[in-house]
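Residue-level listing of the chains:
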Amino acid sequence: MAFTLPDLPYAHDALAAGGMSKETLEYHHDKHHKAYVDKLNELIAGTEWEGKSLEDIVTGTYNKTAVAQNGIFNNASQHWNHSQFWEMMGAGKNTIPGNLEKALTEAFGSVDEFKKKFSEAGVGQFGSGWAWLVKNADGSLAITKTENGVNPLCFGQTALLGCDVWEHSYYIDFRNARPKYLENFLNNLVNWENVASRY
Ligand SMILES: [Fe+2]
């Protein structure tokens, strides 16, 4: 069965008060994410990947040695990444549940220090990519950054929080100011209940 574009878990204007405009979500979800889904369906038709789960396609096509990943990987991983990203945001979910706050404090010293390091990862990703809070197989937390569509599935990690730092995610609302976009994302857009549910 072909992959389909998931609906946003909220209205297109639901995040506007938090700093992500209706226009950004109309372009980012309705056009960019849709293009990844459409291209993925086109590329896997008639191949060994048709009918496989999205996670299996991502991990099965990730090439650890290639600088440029193949088209199936790029579109599958971006479909997965964006599907997570929409769920990781929400209006009025800015309070960090106690168990997650404790884990962040233990891992990074404080919530503020976590936010600082996460922002640094996003700002420091040269070109397009993602910043992540991940849980490693041993249960430890880490902050990572990945290029283009590469994601924690490629490294056997659980994605707790991801921030899209492709320009299409922030250029309408923040122009070239990626640091401000990241600061706003962490303080006003993250659905911490969703992040905690992944932990
Ligand atoms: Fe994106």
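You'll find the protein entered in an unreviewed UniProt entry as Superoxide dismutase, with Paracoccus sulfuroxidans given as the organism. Turning to the protein, the UniProt annotation filed under Sequence similarities (unreviewed entry) states: "Belongs to the iron/manganese superoxide dismutase family." Quoted verbatim from the Catalytic activity (unreviewed entry) field of the UniProt record, the comment on the protein reads "2 superoxide + 2 H(+) = H2O2 + O2".

K.L.:
Teacher, can you tell me more about the UniProt feature "domain: Manganese/iron superoxide dismutase N-terminal" (unreviewed entry) in the protein here?
P.N.:
Within this numbering scheme, the UniProt entry marks residues 3-89 as carrying the feature "domain: Manganese/iron superoxide dismutase N-terminal" (unreviewed entry). Within the segment residues 3-89, helix and strand shares are 55% and 0% respectively, and the terminal C-alpha atoms sit 22 Å apart.

K.L.:
I would appreciate a short explanation of the nonpolar core in the present structure.
P.N.:
Within the largest apolar cluster, 56 residues are counted, with the highest numbers of intra-cluster contacts made by Phe118, Leu161 and Phe185. When residues of this core are sorted by domain, at least three fall in each of domain 1 (20-87) and domain 2 (98-198). Contacts of Phe118, omitting those with residues within four sequence positions, involve Ala131, Trp132, Leu133, Ile143, Leu161, Gly162, Cys163, Leu182, Phe185 and Leu186.

K.L.:
Any chance you could explain the packing of aromatic side chains here in plain terms?
P.N.:
Pairs of aromatic rings are described using the distance from one ring centre to the other and the angle between the two planes. A full pass over the atoms with the stated rule returns 12 aromatic pairs. Aromatic pair Tyr36 and Trp166: ring centres 6.5 Å apart, planes at 80°, arrangement edge-to-face. Residue Tyr36 is found in helix α1 (residues 22-44), and its partner Trp166 is found in the loop between β3 (158-164) and α6 (171-174); the two are separated by 130 residues along the sequence. These aromatic residues form a ring-pair network of at least three members: Phe85, Trp86, Trp130, Trp132 and Phe185. A cation over a ring is seen here: Lys31 above Tyr27, with NZ or CZ 5.8 Å from the ring centre.

Here is what the cut-offs are and how they apply
- Along each chain, residues carry numbers from 1 onward, in the same order as the chain's sequence is written.
- The model is predicted, so local features are restricted to residues of pLDDT at least 70 and side-chain atom pairs to those at 80 or more, both for listing and for counting; the totals for chains, interfaces and linings are taken over all residues.
- For side-chain calculations, the full set of non-hydrogen atoms in the structure is used, while hydrogens and water are omitted.
- UniProt positions are given in the numbering used here, feature names are shortened, and annotations may be inferred rather than shown by experiment.
- Per the convention used, a helix needs a DSSP run of H or I reaching at least four residues, while a strand needs a run of E reaching at least two, with both numbered from the N terminus.
- Put simply, buried Ala, Val, Leu, Ile, Met, Phe, Trp, Tyr and Cys residues joined by side-chain atoms within 4.5 Å make one nonpolar core.
- A 1.4 Å probe rolled over the protein chains alone gives each residue an accessible area, and that area as a share of the maximum for its type sets the label: buried under 20%, exposed over 50%, partly exposed in between.
- Residue ranges assigned to each domain were obtained from an automatic or database domain assignment.
- Residues are treated as being in contact if the distance between any of their heavy atoms lies within 4.5 Å.
- Stacked, edge-to-face and tilted are the three classes for Phe, Tyr and Trp ring pairs, Trp counted by its six-membered ring, which pair at centre distances within 6.5 Å; planes under 30 degrees apart are stacked, over 60 edge-to-face, the rest tilted.
- Charges are assigned to positions over rings by a cutoff of 6 Å between ring centre and Lys NZ or Arg CZ, combined with an angular limit of 35 degrees from the ring normal.

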